[in-house]
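Fold and contact review
One letter stands for each residue in the lines below.
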There are 4 protein chains.
Amino acid sequence: MITAGVYGGRGYVARECVRLLVGHPEAEVTWWCSREAGSAESSHRNLLGTGLRFVSENDLPDVDVVFICAPVGIAMDLAPRWLDRGARVISMAADFRLRHKGSFERLYGEHRAWALLNEAVYGIPELHRDSIRTARLVANPGCFSSAAILGLVPLVKCADLGIESVVVDGISGTSGAGAGLDRSMHHPEMWQTVIPYNAVDHRHTYEMEAQLSLVAGHGVTVHFTSYYGPFGRGILAACHVFPQHLPERSELLDVYEQFYREHPFVTVNRLPHDSEAAWDYLPFPSVADVAGSNYCQIGLDVDRRRGRVVVFSAIDNMGKGACGVAVQNMNLIFGLDETTGLVTPGLGI
Amino acid sequence: MITAGVYGGRGYVARECVRLLVGHPEAEVTWWCSREAGSAESSHRNLLGTGLRFVSENDLPDVDVVFICAPVGIAMDLAPRWLDRGARVISMAADFRLRHKGSFERLYGEHRAWALLNEAVYGIPELHRDSIRTARLVANPGCFSSAAILGLVPLVKCADLGIESVVVDGISGTSGAGAGLDRSMHHPEMWQTVIPYNAVDHRHTYEMEAQLSLVAGHGVTVHFTSYYGPFGRGILAACHVFPQHLPERSELLDVYEQFYREHPFVTVNRLPHDSEAAWDYLPFPSVADVAGSNYCQIGLDVDRRRGRVVVFSAIDNMGKGACGVAVQNMNLIFGLDETTGLVTPGLGI
Amino acid sequence: MITAGVYGGRGYVARECVRLLVGHPEAEVTWWCSREAGSAESSHRNLLGTGLRFVSENDLPDVDVVFICAPVGIAMDLAPRWLDRGARVISMAADFRLRHKGSFERLYGEHRAWALLNEAVYGIPELHRDSIRTARLVANPGCFSSAAILGLVPLVKCADLGIESVVVDGISGTSGAGAGLDRSMHHPEMWQTVIPYNAVDHRHTYEMEAQLSLVAGHGVTVHFTSYYGPFGRGILAACHVFPQHLPERSELLDVYEQFYREHPFVTVNRLPHDSEAAWDYLPFPSVADVAGSNYCQIGLDVDRRRGRVVVFSAIDNMGKGACGVAVQNMNLIFGLDETTGLVTPGLGI
Amino acid sequence: MITAGVYGGRGYVARECVRLLVGHPEAEVTWWCSREAGSAESSHRNLLGTGLRFVSENDLPDVDVVFICAPVGIAMDLAPRWLDRGARVISMAADFRLRHKGSFERLYGEHRAWALLNEAVYGIPELHRDSIRTARLVANPGCFSSAAILGLVPLVKCADLGIESVVVDGISGTSGAGAGLDRSMHHPEMWQTVIPYNAVDHRHTYEMEAQLSLVAGHGVTVHFTSYYGPFGRGILAACHVFPQHLPERSELLDVYEQFYREHPFVTVNRLPHDSEAAWDYLPFPSVADVAGSNYCQIGLDVDRRRGRVVVFSAIDNMGKGACGVAVQNMNLIFGLDETTGLVTPGLGI
């Protein structure tokens, strides 16, 4: 059994990491460290019956892997210590995601462990699987970043399409806003609405631009806007691209299928448009179909009349967008089958 | 009292027109014509207690105004008859919205009353108020069209910004899908999801392009994608624009405020970004705040780093996006105050 | 025009009272008093464009009616002052709802204006319409109380049924929990759940017992349990009754119809059970059908096999359960038609 | 590996059984039989990527276990055949749930395999675990039945409480209504509502009465009413009981804890009432905390003033209420640890 330690108290990322680890056949939660003492069950009633308790930072025993589920700024202090103790570290916040120090510090403030950036691996297995296998430190990606990058990489990689700029709209479930109480996330305010936030210059934009530029071999500008919708889990990212020439839809689907052939958690939706007009949602991903899982579904369409490709990418922001992919990364690090503990499909209903 | 006739049976547009007319102090529903006989209350239980009944097409009495809430193709047959009888006609479907016959027929099929296009007025009061006042026939706009056009017109009108192309993402509540049963709109499938549909070449695109081009004085291409989200009422349209030079946010807000100064149902949100990061949703419209009303709220932001303006426009698709604006048009036609029966603000909660 | 003053800041009851008064043709908000200074629009974005501002307590001008939308304990201090100034007072909290001082003080704490109880009228027009017409002080009822009382009064009044005890389950939308942030009302926790609260001895129980006992002429015990469900507006109260003999369903519907004949906001659902099994929801009220309105819908069924009557009563907790009925009470006080400003049917969708 | 066959096409019970079996480490779906030919993925997009296809009834190979996910009336024909072929059968519909033939036939129509009732075991492991271990045929329980029975059995078993009658309100997510399109389940009609259905004499009542009477050793009458709420998964059952004497809350919690000590999927919530009034939901189950899982959470309260005990029981209707417990039953039959493939806690968010 892989022994795991988790930092983070009332937050949802900690909750979900623990939930997945409790269900994982080859891992166990050795400790859950939080400043809040006592039973974790009153903060996380879905874990009622597990008997899990928060422990303080003193005398934490060694573990194989540490999940740091804390606001940005904590992992940069904790990671070096646990690496020194021989643990692998999966950092769930932004501490090690960006390699451009100026951008990092403008967005997040001072960095106190910049040297570690050299060995931190950006935790998208579909891009960096081999590096993750040998990584000591994984920078788990932002939720919107995962959705947009998985949706765009195969396209951006096609040099002949010449993609230098994309428009991305990403709508997230409210679990993405975290457990901190805020008036905009008060249920009576949120239950029937869609609301934009971080309308421009969202911090995940920088992750998208960095990873897409890496793949493209040239700079890619991402015009990203984020929204919350009245549901708890999931992200739908819509990526609008204006390529230099316009392939057929089926050609593009081939490109995607080819790219993700060896990646078990990304599924390309090739269902046909239905002849009955009404039920014409088939060829596109629906957030519900990946909710509660580590899967990503991708669909796309082409506007031949106006010269646009739109790619849709759906994930569970708590799953493939955060804790699912963290467990996938853990599996890779410890030589397990990548899918261990993650194979159950999305909820659907 | 204005006497009104309504065509349409189980559909939601008919339901909502009747609901608003029942609450209107200066109008009354004289008849509600549907192929389905009998009580309208079993189809529309929110109208229980009104005693309204469906009547058949035979011997409908004269009325001042007829709301044709039927699928496209019906109004083109009914409108001429009622105009001949001296009634004003508000056509709720697409029959009279497009002036380019080729586009119309490709999208909707044959048109049997094309001559009427000359006098049909596109029913957005903020663009065509004076023409509506004297119109015999109003082509009530598409729901997405209203949201996008109201969000973009002030910007497109600024010649110095040189806007020839926009990207619009519009998410709608499911009432926009209509009352027809469809698997994608089955509650268990839809309650926790966001799903794209008509990913490209949505028929409302043509209305947006026509109206925006009219205002701009040159062709404007609209790259529009539509979604359904897990709520019943409302549309949030996000309009991404890449102008030739980038005004300050406050300058743009001035432009919008100036444009809508005389229009009581469009509100520009100038609330400041809050200093507390969390509650930073203030300056943007939230669908809930206009749900159940005829109001449109508009907010915007500017990405100075990457050169983008994003404008958000929120309406109730059943209100300002359909039946609310239809009643507003009726008020204009009959010389009432534009706001009669429509003044209650959005639900908020 | 009736001039109205409103006490209450960020709360939802104040918000909704103002929303309804803004839409009321014969009333206007003269002032909105709150400790929070400045624009009311950043707290209540659905009111954006109204220009309403919070004013402080100093120098409030005289008004015809004051709506006190503040937590229990405030109205008992404010009401005497405004009555002295000649205003009518509608108290939205529990201050004047109970006539049994011991119960009041056990539930809510000390009462500082008990003498006013003698003239306070419990604000359910279907029970006390004539008294309300002449009241200086209306104790607006609790939301669950309104739902249960309207659902039970006609039954309890039937002496031959001998009803001394009822079981009431009431599920409310989350607006009932108020605007105060609380973890259980955080959208990610609440969006997909139903949760009991105040499982026993809910404070509204005492209002129900008092009013039902009054009607019955003997003590009626109410076993009430409350829940929040994942929606914003509305209450469905299910009232289980075990009468001494069991009338036919149609007889009971007659009783209800007779009782509410002169009451425009209570509708008895007599739609038949549909022969198609699936769409067999017709004869029962659905919260959506009264949401956004001042209507109450009532339906019922009889279990002849086991000897039970179950009555369902649906209201909008913010409408007929709070602010709608407050405006109805205002209408009665000022001699307007009871339905003024409240006639629009429920949203339905 | 246990080889499993599944009957059922577009239905949600089949979908969820397959979803859980795909994620089960010791079982696999050998075939999925449906009249609808072709890919199962267009009916069940959450299963996209599994490659599962519907097969016809001809030449189905032998399997270890058959899950019959079909409307009542099918399993009574299929079960005998598969038992003859040596398979174990888990019947998901009502075919084998009731031992009183008169009741069965009045509720469901003719039974064509009544002899099998003798060996069918009612599939609630917390009541019949040993019998399930050796059963050839399991009658998987109704979703409401599971919720209510688990909530009531420990109480009913206490002879000194003398419980002969209970009132049960059960609210279900809409997945309980099945995949068949119906107007009441159309998202625009359902998204913001709660609606009663089968207000009296719901067919699950008979399962509850049979099982509770069995445990009590005398007849227990269940007054059950069911509702749909605006969410997809989960049931909250509230059970109102009026015992002959009233134990303390903590005593009752002891009774429940003792009863479920050896049952890993039923958790008794003993969290204290919080001193802060607002967050006083702690000691009661919330549907979200068991959604997506096989767990049941139970909480309770006592009204000493009026003499009532109310017990709340929450399950996922698709999980512990249907397919989760079916897999649990399969585990028992095949000698696996009861929790295999089911250990992940509920979603929480």
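Each chain carries its own residue numbering, running from 1 in the written order of its sequence. Working convention: letters from A go to chains and numbers from 1 go to ligands, in the order in which they are written. Note on the predicted model: pLDDT of at least 70 is required for a residue's local features to be given, and 80 or more for side-chain atom pairs to be given and counted; whole-chain, interface and lining totals, by contrast, use all residues.

1. Here's the deal with the sheet that holds strand β10 (residues 195-197) of chain B
Residues and elements named next belong to chain B. Two strands are counted as paired when DSSP detects at least two bridges linking them. Helix numbers and strand numbers start at the N terminus; a helix is a DSSP run of H or I with at least 4 residues, a strand a run of E with at least 2. Here we have seven strands laid out as an open sheet, ordered β10-β11-β9-β12-β15-β14-β13, and mixed in their pairing. Of all strands in the sheet, those with a lone pairing partner are β10 and β13 (266-268), marking the two edges. Strand-to-strand, the axes of this sheet are offset by a mean angle of 25°, without reference to chain direction. Bridge count between β13 and strand β14 (residues 296-303): three bridges; the pairing is parallel. In the strand pairing of β14, Val266 is matched with Cys296. Every axis corresponds to a line fitted to the C-alpha atoms, with the helix fit spanning only the stretch in contact, and the corresponding angles, defined between N-to-C directions, vary from 0 to 180 degrees.

2. Some remarks on the confidence of the model for chain A
Residues and elements named next belong to chain A. A residue's pLDDT is the predictor's confidence in that residue, given on a scale from 0 to 100. Here chain A shows a mean pLDDT of 95. Residues at 70 or above account for 98%. Below a pLDDT of 50 lies the segment residues 275-279, which in the model reaches six contacts outside its immediate sequence neighbourhood of four places, other chains included. Among the scores for the predicted complex, ipTM is 0.97 and pTM is 0.97. Any two residues are considered in contact once their C-beta atoms, placed from the backbone, lie within 7 Å.

3. A few points about the relation of the copies chain D and chain B
For this overlay, a least-squares fit was computed on C-alpha atoms, restricted to residues scoring pLDDT of at least 70 in both copies. Once chain D is rotated about the relating axis by 180° and shifted along it by 0.0 Å, it coincides with chain B to within an RMSD of 0.0 Å. Such a combination of turn and shift is consistent with a two-fold rotation axis. Rotation axis and chain D: the residue whose C-alpha lies nearest the axis is His187 of chain D, separated from it by 2.1 Å. Most of the interface of chain D is mirrored in chain B, where 100% of its interface residues are also at the interface.

4. Details of the relation of the copies chain A and chain B
Note on the identical chains: chain A maps onto chain B by a rotation of 180° and an axial translation of 0.0 Å, with an RMSD of 0.0 Å. Most of the interface of chain A is mirrored in chain B, where 100% of its interface residues again form contacts.

5. A closer look at helix α5 (residues 143-156) of chain B
Residue and element names in this part refer to chain B. What a helix should span is 1.5 Å times the count of its residues minus one. Its 14 residues give α5 an end-to-end C-alpha distance of 19 Å, which sits within 8% of 20 Å, the value for a rise of 1.5 Å per residue. In this scheme, the bend at a residue equals the angle between the axes fitted to the seven residues that finish there and the seven that begin there. The largest bend in α5 comes to about 30°, at Ile149. In terms of burial, α5 is a largely internal element, 14 of the 14 residues being buried. Once C-beta atoms are placed from the backbone, each residue is buried if 20 or more other C-beta atoms lie within 10 Å of its own, exposed if 12 or fewer, and partly exposed for counts between those two.

6. What to know about the environment of Tyr295 of chain D
All names here are of chain D. Mapped onto the elements of the fold, Tyr295 is located in the loop between β13 (266-268) and β14 (296-303). For Tyr295, a count of 27 C-beta atoms within 10 Å puts it in the buried group. Each C-alpha atom, one on Tyr295 and one on Arg112, is 34 Å from the other, the two residues being 183 residues apart in sequence. When near neighbours in sequence (up to four residues on either side) are disregarded, Tyr295 contacts Phe265, Thr267, Val290, Lys320, Pro345 and Gly346.

7. Let's talk about the interface of chain A and chain B
On the chain B side, the residues contacting the 45 residues of chain A number 45 residues. Looking at the side of chain A that touches chain B, the elements that each hand over two or more residues are β9 (165-172), α6 (187-190), β10 (195-197), β11 (221-228), β12 (235-241), α9 (287-290), β14 (296-303) and β15 (308-315) of chain A. Note on residue classes: Ala, Val, Leu, Ile, Met, Phe, Trp, Tyr, Cys and Pro are nonpolar, Asp, Glu, Lys and Arg are charged, and everything else, Gly too, is polar. Broken down by class, the residue content of the side of chain A that touches chain B amounts to 24 nonpolar, 10 polar and 11 charged.

8. Description of unusual backbone geometry
All names here are of chain B. Phi at Asp59 is positive, roughly 60°, even though this residue is not glycine. As for its position among the elements, Asp59 is in the loop between β4 (53-55) and β5 (65-68). Take Asp59: there are 7 C-beta atoms within 10 Å of it, and that puts it in the exposed class. Even without glycine at this site, Asn198 takes up a positive phi of about 40°. Positionally, Asn198 belongs in the loop between β10 and α7 (204-216).

9. Digging into the interface of chain D and chain B
With 15 residues of chain D at the interface, the matching set in chain B holds 15 residues. In terms of residues, the side of chain D that touches chain B owes the most to one element, helix α6 (residues 187-190) of chain D, which gives three residues. Among the residues forming the side of chain D that touches chain B, the class breakdown is eight nonpolar, six polar and one charged.

10. Overview of the sheet that holds strand β6 (residues 88-91) of chain A
Residues and elements named next belong to chain A. Overall, mixed pairing links the eight strands, which are arranged β3-β4-β2-β1-β5-β6-β8-β7 in an open sheet. Each edge of the sheet is formed by a strand with only one pairing partner; in this case those strands are β3 (38-39) and β7 (121-122). Bridge count for β3 against strand β4 (residues 53-55) is two bridges, and the pairing is antiparallel. Bridge pairing in β4 links Ser39 to Arg53. Each of β1 (2-7), β2 (27-33) and β5 (65-68) touches helix α1 (residues 12-22); the most contacted strand, β2, lies at about 150° to it.

11. Thoughts on the nonpolar core
For our purposes the nonpolar core covers buried Ala, Val, Leu, Ile, Met, Phe, Trp, Tyr and Cys residues that link as a set through C-beta atoms within 7 Å. Of all hydrophobic cores here, the largest spans 491 residues; its most connected members are Phe67 of chain A, Phe67 of chain B, Phe67 of chain C together with Phe67 of chain D. What Phe67 of chain A contacts, discounting residues up to four positions off in sequence, is Ala4, Val6, Tyr7, Cys17, Ile90, Met92 and Ala326 of chain A.

12. A look at α1 of chain A
Burial within α1 of chain A is extensive, with 10 of its 11 residues counted as buried. Within α1 of chain A, the full set of buried residues consists of Tyr12, Val13, Ala14, Arg15, Glu16, Cys17, Val18, Arg19, Leu20 and Leu21 of chain A. Considering only its buried residues, α1 of chain A is in contact with β1, β2, β5 and α10 (319-333) of chain A together with α6 (187-190) of chain C.

13. Some details on the domain arrangement of chain A
Residue and element names in this part refer to chain A. For the purposes of this description, domain bounds are those given by an automatic or database domain assignment. Partitioning chain A into domains gives domain 1 (2-119) and domain 2 (144-315). Inter-centroid distance (C-alpha atoms) of domain 1 to domain 2 is 28 Å. In this assembly, nine residues from domain 1 lie in contact with seven residues from domain 2. Class assignment for the residues of the side of domain 1 that touches domain 2 results in four nonpolar, two polar and three charged.

14. Some points on the pairing of β15 of chain A
Residue and element names in this part refer to chain A. With eight of eight residues buried, β15 is to be regarded as a mostly interior element. Of the two faces of β15, both are covered, the one formed by Arg308, Val310, Phe312 and Ala314 as well as the one formed by Val309, Val311, Ser313 and Ile315. Pairing of β12 with β15, which is carried by seven bridges, proceeds in the antiparallel orientation. In the sheet register, Val241 faces β15, and the bridge partner there is Val309.

15. What to know about the packing of helix α5 (residues 143-156) of chain D against helix α9 (residues 319-333) of chain D
All names here are of chain D. Contact geometry of α5 with α9 gives a least axis separation of 8 Å together with a crossing angle of 100°. The orientation of α5 relative to α9 falls into the category roughly perpendicular. The segment α5 lies against α9, with Cys143, Ser146 and Ala147 engaging Lys320, Gly321, Ala322 and Val325. Grouping the amino acids of the contact of α5 with α9 by side-chain chemistry returns four nonpolar, two polar and one charged. Orientation labels follow simple angle bins: below 35 degrees gives roughly parallel, above 145 gives roughly antiparallel, 65 to 115 gives roughly perpendicular, and whatever is left gives oblique.

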